[in-house]
Amino acid sequence: MRSKADVAIVGAGPAGLLLDHLLHREGLSVVVLEAKTRRYLETSPHRIRAGVMEWGTREILVQVGLGEGLLQNGYEHQGIYLAHAGELRRIDFPSLAEGWRIWVYGQQYLVRDMIARFLEEGGEILFEHEVIGLENLASAPRVRYRTPEGREAELEATFVVGADGSHGRMRAFIPGLSLKERVYPFAWLGILAEAPPAADELIYASHPRGFALFSMRSKTLARNYLQVSPEENLEEWPEERIWEELNLRLEGVAQVQPGPLLEKSLTPHRAFVAEPMQYGRLFLIGDAAHVVPPTGAKGMNLAVADAVALFQAFWAFFKTGDEAKLSRHTETCLEHVWQGEYFSYWMTHLLHTHPDPFREGLRQAEIKQVLASEPLQRFLATNYTGHHTTGRWVGTLA
Ligand code: PHB
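These notes cover the structure that comes with them. As the structure is a computational prediction, the values presented were derived from the model and not from experiment.

Criteria and thresholds
- Residues numbered from 1 in each chain as written.
- Predicted model: local features only at pLDDT ≥ 70, side-chain atom pairs only at ≥ 80, totals over all residues.
- Heavy atoms only, no water.
- Near = heavy atom within 4 Å.
- Polar contact = N/O pair within 3.5 Å; in protein donor to acceptor, adjacent residues only side chain to side chain.
- Areas by Shrake-Rupley, 256 points an atom, 1.4 Å probe, with all protein chains shown as cover.
- Nonpolar A, V, L, I, M, F, W, Y, C, P; charged D, E, K, R; others polar.
- Phe/Tyr/Trp six-rings, centres within 6.5 Å; stacked < 30°, edge-to-face > 60°.
- Helix = DSSP H or I, 4+ residues; strand = E, 2+ residues; numbered from the N terminus.
- Buried < 20%, exposed > 50% of the residue type's maximum accessible area, 1.4 Å probe, protein only.
- Lys NZ or Arg CZ within 6 Å of the ring centre and 35° of its normal.

1. A word on the site of the ligand
Step number 1: In the vicinity of the ligand, 16 residues are found, and the nearest of them are Tyr-204, Ser-215, Arg-217, Tyr-225 and Thr-295.
Step number 2: In this structure, Pro-294 approaches the ligand through a main-chain N or O atom, which is 3.1 Å from an oxygen atom.
Step number 3: Residue Thr-295 places a main-chain N or O atom 2.7 Å away from an oxygen atom belonging to the ligand.
Step number 4: When the free accessible area of the ligand is taken as 280 Å², the share hidden by the protein chains comes to 99%.
Step number 5: Here the residues of the shell around the ligand are counted per class, giving 9 nonpolar, 4 polar and 3 charged.

2. Focus on the packing of aromatic side chains
Step number 1: The final tally for this structure, using the stated rule, is 20 aromatic pairs.
Step number 2: With a centroid separation of 6.5 Å and 85 degrees between ring planes, the pair formed by Phe-343 and Tyr-384 is classed as edge-to-face. Taken together, the residues span a long stretch of sequence, with Phe-343 in helix α10 (residues 329–351) and Tyr-384 in helix α12 (residues 374–385) at a distance of 41 residues. When sorted by exposure, Phe-343 lands in the same class as Tyr-384, which is buried.
Step number 3: With centroids separated by 4.8 Å and ring planes inclined at 85 degrees, the aromatic side chains of Trp-346 and Phe-379 adopt a geometry described as edge-to-face. Linking Trp-346 in helix α10 with Phe-379 in helix α12, this pair joins segments that are 33 residues apart in sequence.
Step number 4: An aromatic cluster of three or more residues is present, and its members are Phe-93, Trp-188, Tyr-204, Phe-211, Tyr-225, Tyr-342, Phe-343, Trp-346, Phe-379 and Tyr-384.
Step number 5: The lysine or arginine in question, Lys-298, covers the ring of Tyr-384, its NZ or CZ lying 5.6 Å from the ring centre.

This is the structure in structure tokens:
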């Protein structure tokens with residue numbers, strides 16, 4: 001076990017694993033510390049994770065050699081459907097967003113691919129290793145951690161990266177960190193089912209009974225969501241009720257065929273942005289620094305954008321000693337983070353029935369405008385496919 005590394009990354013999710021792949025590819029020594037087991041990360045049924053990649057995310061992953069699994073087992077979608085008042089409207093991405101599309105591939109599958117790849121290449125991921133302290137962050141960081149056997153040990157690294165997700169503890173090591181937060185009055189009851197998807201592309205359905213989303217993981221695995229109250233009790237939602245409600249909210253536009261449920265979960269919508277995303281030689285990326293509500297599927301994509309940005313800052317430092325990009329990590333990332341927050345906020349409010357009647361009246365007016373206006377559909381398509389998020393980073397890794 002190495003006790004020194006160029007970079008110590010805390011957390012083996014999409015952000016940490018992509019960054020470790022990029023650094024490792026350049027010959028830098030990276031150690032990843034992950035509190036959970038490998039099996040949990042790859043299979044845990046309690047982790048609802050989105051399955052939509054922006055075009056930029058797909059381009060970046062393929063370019064850096066992580067495309068094999070996603071190209072083989074993922075699907076290109078050239079649009080989404082919006083359903084409202086018994087009408088189904090297709091938003092065509094290539095014609096509205098300069099040729100950009102999206103790629104459907106589950107986040108868990110990507111994590112599985114990246115772990116396998118990194119270990120194959122001789123990388124080091126310490127699963128079930130819990131970080132218990134960070135010291136000396138201003139100059140020569142030391143990471144203290146506990147092994148699965150309960151032993152305490154220490155790792156010296158030039159830099160430490162907090163990629164430990166929204167519930168992670170790395171954020172707390174940044175003095176004076178502020179959280180800008182939003183709690184939305186919505187939640188999603190999500191299911192994964194052995195059933196055919198409702199349509200060939202995703203359907204985002206606005207309905208007086210509440211929003212519903214019809215997504216998929218494959219031609220035989222449907223991933224559907226129902227807007228419910230954040231206080232909802234899952235026990236009150238047996239399988240039959242879920243399928244019945246999904247079909248009520250698709251009224252007049254499509255029908256779903258029930259199938260056995262593989263998972264069921266409740267996700268309250270919330271958002272936060274932490275600032276700054278750095279202190280001394282500690283840097284945050286991904287959900288450790290910001291979360292979005294799931295409606296625009298931006299979470300994993302923002303994690304990818306952060307990882308690419310931080311990689312470039314590290315690379316400049318290790319190659320030439322230049323710290324300018326590192327010193328601007330927060331500003332650089334906040335640029336795409338706020339674009340992602342803004343679009344997620346917009347799309348969430350556009351589609352979810354609001355408990356406040358005045359807000360609900362505004363929403364009805366807004367969705368009519370979106371369905372009637374090509375500029376607004378262009379706005380949706382460019383944001384959804386990622387022009388302002390990973391789109392900033394495509395082609396920068398040459
Ligand atoms: C999903 O497939 O899980 C999914 C798709 C689109 C979203 C959110 C989640 O906006």
